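# Architecture and fold: a report
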Protein chains: 2
Amino acid sequence: MSDLQLNPLFSERTRLLIMATLASARQEIDFSTLVESLQLTRGNLSTHMRKLEEAGFVEVEKGFVDRKPRTTYRCTPLGRRETKKYLRAVEDLLSSIG
Amino acid sequence: MSDLQLNPLFSERTRLLIMATLASARQEIDFSTLVESLQLTRGNLSTHMRKLEEAGFVEVEKGFVDRKPRTTYRCTPLGRRETKKYLRAVEDLLSSIG
């Protein structure tokens, strides 16, 4: 059990949801859509996205649409890999419980 | 996505690992073994075990072996059920990544 690896970034339920959403979307998602679909406050989402960005799990792009600022996020290959790795670790745990 | 039920007791990575360890062991495990295999401090483990006991996920037994106090833990049927439920919910969530 000592070699059990569960990336602590995924322990926070909200970050798990964000990564699942971004990794399954296979395209960029804008900030407001994430706020709405995950029912978070803007501040809360910002904090989580900063952590995920620092980890290299997501890429952020800030631009303008119709002169309005628009922030979009995309899952990086590393983010996808780590999310899948986490999934496999969870599956391993499940099978060990039987 | 919004109806996802994830028991917050498992949001703490350490508690998930404790429950996975106890649920897969299928027998009682003593305090010192848990401290060692999960690489926790004794205080940290105590705090988590108290929460898990309050939730009815583990049963504690305090006894003596060779006149030394010995505390052992065992996963309850509820604990096993909830651990599997949590892990399956995470699995479902992440399996959409493909």
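All chains use their own residue numbering, which begins from 1 and follows the written sequence. Here every chain gets a letter starting at A, and every ligand a number starting at 1, in the order they are written. It should be noted that, the model being predicted, local features are given only for residues of pLDDT at least 70 and side-chain atom pairs only at 80 or more, the latter also being counted only at that level, while totals for whole chains, interfaces and linings use all residues. As a convention, hydrogens and water are excluded, and side-chain values are obtained from all of the structure's heavy atoms.

### Examining the packing of helix H4 (residues 77–97) of chain A against helix H1 (residues 13–25) of chain B
Between the N-to-C directions of two axes lies an angle of 0 to 180 degrees, each axis being a line fitted to C-alpha atoms and, for a helix, fitted only over the stretch in contact. Per the convention used, a helix needs a DSSP run of H or I reaching at least four residues, while a strand needs a run of E reaching at least two, with both numbered from the N terminus. Between H4 of chain A and H1 of chain B, the least distance of the axes is 8 Å, while the angle of their chain directions is 30°. Residues Tyr86, Leu93, Ser96 and Ile97 of chain A of H4 of chain A form the contact with H1 of chain B, whose participating residues are Leu16, Ala20, Ala23 and Ser24 of chain B. Residues were grouped as follows: Ala, Val, Leu, Ile, Met, Phe, Trp, Tyr, Cys and Pro as nonpolar; Asp, Glu, Lys and Arg as charged; and all remaining residues, including Gly, as polar. For the contact of H4 of chain A with H1 of chain B, the class distribution of residues is six nonpolar, two polar and no charged. Any two residues having at least one pair of non-hydrogen atoms within 4.5 Å are treated as being in contact.

### Section: the side chain of Thr21 of chain A
Residue and element names in this part refer to chain A. By the secondary structure assignment, Thr21 is in helix H1 (residues 13–25). The buried label goes to any residue with under 20% of its type's maximum accessible area, the exposed label to any with over 50%, and the partly exposed label to all in between, with areas taken from a 1.4 Å probe on protein chains only. Given the relative accessible area of 11%, Thr21 is considered buried. At 2.7 Å, the side chain of Thr21 forms a polar contact with the backbone oxygen of Leu17. Here a polar contact means two N or O atoms within 3.5 Å. Within protein one must be a hydrogen donor candidate and the other an acceptor candidate, and residues neighboring in sequence count only if both atoms are side-chain atoms.

### Regarding the interface of chain A and chain B
Counting residues at the interface gives 30 residues for chain A, matched by 28 residues for chain B. Summed over both partners, the accessible surface that disappears when two parts come together, traced with a 1.4 Å probe, is what is meant by buried area. Of the roughly 2600 Å² buried between chain A and chain B on both sides combined, carbon and sulfur atoms contribute 69%. The term salt bridge refers to a side-chain nitrogen of Lys or Arg lying within 4 Å of a carboxyl oxygen of Asp or Glu. The interface formed by chain A and chain B includes zero salt bridges. Counting every contact that joins chain A to chain B gives five residue pairs in polar contact (both at pLDDT 80 or more). Mapped onto the side of chain A that touches chain B, the elements with two or more residues apiece are H1, helix H2 (31–38) and H4 of chain A. With 11 residues, the single largest contributor to the side of chain A that touches chain B is H4 of chain A. Of the residues contributing to the side of chain A that touches chain B, the split by class is 15 nonpolar, nine polar and six charged.

### Regarding the confidence of the model for chain A
Averaged over every residue, the pLDDT of chain A is 91; the share at 70 or more is 95%. Here the predicted complex scores 0.85 on pTM and 0.82 on ipTM. The pLDDT value tells you how sure the predictor is about a given residue, anywhere from 0 up to 100.

### Focus: a negative patch on the surface
Residues and elements named next belong to chain A. On the surface, Glu53, Glu54, Glu59 and Glu61 cluster together to form a negatively charged patch. Every element with two or more residues in the negative patch is listed here: helix H3 (42–54) and strand E2 (58–65). Turning to its location among the elements, Glu53 is positioned in helix H3. Given the relative accessible area of 36%, Glu53 is considered partly exposed. A patch is a set of surface residues, each over 30% in relative accessible area and not in a salt bridge, joined within 9 Å for like charges and within 5 Å for the nonpolar side chains Val, Leu, Ile, Met, Phe, Trp and Tyr. Here the accessible surface of atoms and residues is derived via Shrake-Rupley with a 1.4 Å probe, and residues count as covered only by protein chains that are part of the display. His is not counted, nor are the chain ends; Lys and Arg add positive charge and Asp and Glu add negative charge. Charge coordinates come from a single atom per side chain, which is NZ of Lys, CZ of Arg, CG of Asp or CD of Glu.

### With respect to the relation of the copies chain A and chain B
Only residues with pLDDT of at least 70 in both copies contribute their C-alpha atoms to the least-squares superposition of the copies. In the superposition of chain A on chain B (RMSD 0.7 Å, axial shift 0.8 Å), the rotation amounts to 174°. A high fraction, 87%, of the interface residues of chain A reappear at the interface in chain B, so the copies pair face to face through one surface.

### A word on the nonpolar core
Grouped together as the largest cluster of nonpolar side chains are 60 residues, with contacts concentrated most on Leu22, Met49 and Tyr86 of chain A together with Leu22 and Met49 of chain B. Contact partners of Leu22 of chain A, with chain neighbours within four places excluded, come to Ile29, Leu34, Met49, Val58, Tyr73 and Cys75 of chain A. The set of buried Ala, Val, Leu, Ile, Met, Phe, Trp, Tyr and Cys residues whose side-chain atoms join them within 4.5 Å is what this entry labels a nonpolar core.

### Focus on the pairing of strand E2 (residues 58–65) of chain B
All names here are of chain B. Being paired, for any two strands, means DSSP has found at least two bridges between them. Note that E2 and strand E3 (residues 68–75) share eight bridges and pair antiparallel. Looking across to E3, one finds that Phe64 is bridged to Pro69. Counting the residues that bridge the hairpin from E2 to E3 gives two residues, and of these Asp66 lies at a positive phi of roughly 55°.

### Thoughts on the pattern of salt bridges
Residues and elements named next belong to chain A. Inspection of every chain in the model, using the stated rule, returns six salt bridges over all chains. For Asp30, the salt bridge goes to Arg70, with nearest N and O atoms at 3.4 Å. Of this pair, Asp30 sits in strand E1 (residues 29–30) while Arg70 is found in strand E3 (residues 68–75), placing the two residues 40 residues apart along the sequence. Relative accessible area serves as the criterion here: at 18%, Asp30 is assigned to the buried category.

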